[in-house]
Number of protein chains: 2
Amino acid sequence: MLIRKIDDMHVHLRQGEMLESVLPYTAMQCERALVMPNLMPPILNANDVINYRMQIMEVLSNTKGKFFAPLMTFKIVPTTSAAEIDGLKQAGAIAGKLYPDGVTTNSQGGVSDFKALFPVYKAMEECGMVLCLHGEMPNAFSLDRETEFLSVLKDVALNFPKLRIVLEHATTKDAIDCVKTLPANVACTLTVHHMYLTLDDVIGGALNPHAFCKPVAKRPKDRLAIIDAALSGNPKFFLGSDSAPHAISAKENACGAAGVYTAPVLVPALCQIFEDYGTITKLEPFTSQFAAEFYNLPLNQHSIEIVKEPWKVPEVCGTIKPFLAGQTLNWKVV
Amino acid sequence: MLIRKIDDMHVHLRQGEMLESVLPYTAMQCERALVMPNLMPPILNANDVINYRMQIMEVLSNTKGKFFAPLMTFKIVPTTSAAEIDGLKQAGAIAGKLYPDGVTTNSQGGVSDFKALFPVYKAMEECGMVLCLHGEMPNAFSLDRETEFLSVLKDVALNFPKLRIVLEHATTKDAIDCVKTLPANVACTLTVHHMYLTLDDVIGGALNPHAFCKPVAKRPKDRLAIIDAALSGNPKFFLGSDSAPHAISAKENACGAAGVYTAPVLVPALCQIFEDYGTITKLEPFTSQFAAEFYNLPLNQHSIEIVKEPWKVPEVCGTIKPFLAGQTLNWKVV
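Residues numbered from 1 in each chain as written. Chains lettered and ligands numbered in written order. Predicted model: local features only at pLDDT ≥ 70, side-chain atom pairs only at ≥ 80, totals over all residues.

Asks: Can you help me understand the relation of the copies chain B and chain A in this one?
Replies: Each of the two chain copies can be generated from the other by rotation about an axis followed by a shift along it. Screw-axis analysis of chain B against chain A gives a translation of 0.0 Å along the axis, an RMSD of 0.0 Å, and a rotation angle of 180°. What the superposition gives is, in effect, a two-fold axis relating one chain to the other. Mapped onto chain A, 100% of the interface residues of chain B again fall at the interface, so both copies present the same surface. (Least-squares fit on C-alpha atoms with pLDDT ≥ 70 in both. Contact = placed C-beta atoms within 7 Å.)

Right under this line is the structure:
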């Protein structure tokens, strides 16, 4: 079965050896991917965008994925100014990513005064750039951070009705419900791992660092709301895997890093969910149409072939343990 | 300042080298401690109780704590019969501990049919033995396990009005409120670490295995309800530390074991909470009076001296990382 090659609208490709290790998996399944800017140091200005894109393209030239284009982003920080936005756009950034202060990997020094950035949002609105929000309220109780952030989302959305806004990696029914009620300028990415995980996978038995991510997976009802949204055919909801590789040592030591590495299993893991909870025919709009329409991009022109055959996920991909390691899925990409 | 030596009504002393490592800390601060039976293999019958007590006494003979007595328990499993209870009592067990199936360390093969054990509860009621409950419902969502178990607690309490029952290590406001409303035959132990921790300490930043325990710490409002209960002077609430040592390797590897090792910091950590949230004069009833009255034991006759002086908690006690490692507390035991 052929499906249009997919758009992953939220991926962490990292740099250096990690970039070399993870990029082939994304390039094989995706024709485009929105690349996150929370590196150390972060992607803040036009030069950073240009240089990071060059790093990616250089690694890409040595990989098999011939038809892959990175979609570039920059990190919105408290010092970002409206005057920089045009230059960032000319450098190739199609979206700015806002991390609230301290809520995830490399988000120290992030934003806590969301209103102070209104001039930046205005400049982004005017030049047609997308605002991507990591939707968690700093200093709130972990399980309430996403729900408490929704007031910020509503405030920005209603003040900037022509600004396209993406609430990233929704993990709660509250967030799904909120996005549905907001105007068409607000969309929402959903990850694969939040379709599989609840908080029980992290803390319900022995502590499991490989299921630990930010925002942390929530209750069973939240997981089902995410799956429902992905299967709904509502174009506000599209794929953003948040695939986030961390070396095994960083996951399993005492300071367990947050992030789940889904890139190697992205399409097979999605196929299984779509088949189990609905129908595989709903997959392609979610992975390969709605994001393109929201971002005003042409639909991808290449395909990948999926077949319904047992496929055992490798225990390790490079130096990184992938999501669902060692498990057998019903679908594979050929 | 002298306080009556304390009763820790829930402690894991383990066996072998671990027993040798942890017992001195408990024996120094406690005159008695209720010793948990979830060893591998578990303490199930009269011989097990006698042998485990002998192991503890042998190690005790080499430690400094001269005035310490272990209070023995046995593990209630689906095959426990009412006919065994008298023999267990004669062997020195003063309580039976019921672990629901699979909810914590070494609870595999635990109880899932709570009504099937009614004859056992009846025998315990008749011979004056205490029933200690790990109050979590198997297969429920992790954050709801304690609340869902409260129906079992109520059912047993109302069917056996003369059976003394202890709900162990309450972690929710729901549980605290429930115990308050039940008759005087139902009491509740509170741990030190649940007075300090919320779920945010486990998953709110980087994943922290040293704050991971079962039942998992809950919301800020739950933590405050536990502190309120400890400070309330209500004799239903007394200390059971659930001090649970695990080697650092078992905490920090990929299968992070559940349990917080509080024995080395027990009294100083309590002093700090009682001073910060109320008054130090409320401490002694909570640590050294209410449990004795509930268990029909004489009050302890020895004292320990506490002073208000900065004390830095060691990074490691033996091979185990203690609770609050490296932090400076305001009180110490001299």
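Asks: Please clarify how the sheet that holds strand E5 (residues 93-98) of chain B should be interpreted in this entry.
Replies: In a beta sheet, neighbouring strands pair by backbone hydrogen bonds and run either parallel or antiparallel. All names here are of chain B. Read from one edge of the open sheet, eight strands run E2-E3-E4-E5-E6-E7-E8-E9, paired in parallel fashion. Among the strands making up the open sheet, the edge pair consists of strand E2 (6-11) and strand E9 (237-239). Going across the sheet, the axis of each strand differs from the next one's by a mean of 30°, ignoring polarity. Where strand E7 (residues 165-167) meets strand E8 (residues 186-190), three bridges bridge the pair, whose relative direction is parallel. Looking at E8, one finds that Val-166 is bridged to Ala-187. (Pairing = 2+ DSSP bridges. Helix = DSSP H or I, 4+ residues; strand = E, 2+ residues; numbered from the N terminus. Axes fitted to C-alpha atoms, helices over the stretch in contact; angles between N-to-C directions.)

Asks: In this structure, what is going on with helix H1 (residues 16-29) of chain A? I would like to understand it.
Replies: An α-helix turns once every 3.6 residues. As a result, residues three or four positions apart point the same way. All names here are of chain A. A bend of about 35° at Val-22 is the largest found in H1, and the proline Pro-24 appears one to four places after it. Within H1 the residues assigned to the buried category are Leu-19, Val-22, Leu-23, Pro-24, Tyr-25, Thr-26, Ala-27 and Gln-29. Looking at the packing, one finds that the buried side of H1 touches strand E2 (6-11), strand E3 (30-35), helix H2 (46-61), helix H11 (266-277), strand E10 (303-307) and strand E13 (332-333). (Bend = angle between axes of the 7 residues up to and from the residue. Buried ≥ 20, exposed ≤ 12 C-beta atoms within 10 Å, placed from the backbone.)

Asks: What exactly am I supposed to notice about the interface of chain B and chain A here?
Replies: It is common to report an interface's size as the accessible area lost on association of the parts. In this assembly, 22 residues from chain B lie in contact with 22 residues from chain A. When residues of the side of chain B that touches chain A are assigned to their parent elements, the largest contribution, five residues, is made by helix H8 (residues 199-204) of chain B.

Asks: In this structure, what is going on with the packing of helix H1 (residues 16-29) of chain B against helix H2 (residues 46-60) of chain B? I would like to understand it.
Replies: For any two helices packed against each other, one specifies the crossing angle of their axes together with the interaxial distance. All names here are of chain B. Taken N-terminus to C-terminus, the directions of H1 and H2 make an angle of 75°; their axes are 10 Å apart at the nearest point. One way to sum up the angle between H1 and H2 is to call them roughly perpendicular. For the pair formed by H1 and H2, the contact residues are Leu-19, Glu-20, Leu-23 and Ala-27 on the first element and Gln-55, Ile-56, Val-59 and Leu-60 on the second. Of the residues contributing to the contact of H1 with H2, the split by class is six nonpolar, one polar and one charged. (Parallel < 35°, antiparallel > 145°, perpendicular 65-115°, else oblique. Nonpolar A, V, L, I, M, F, W, Y, C, P; charged D, E, K, R; others polar.)

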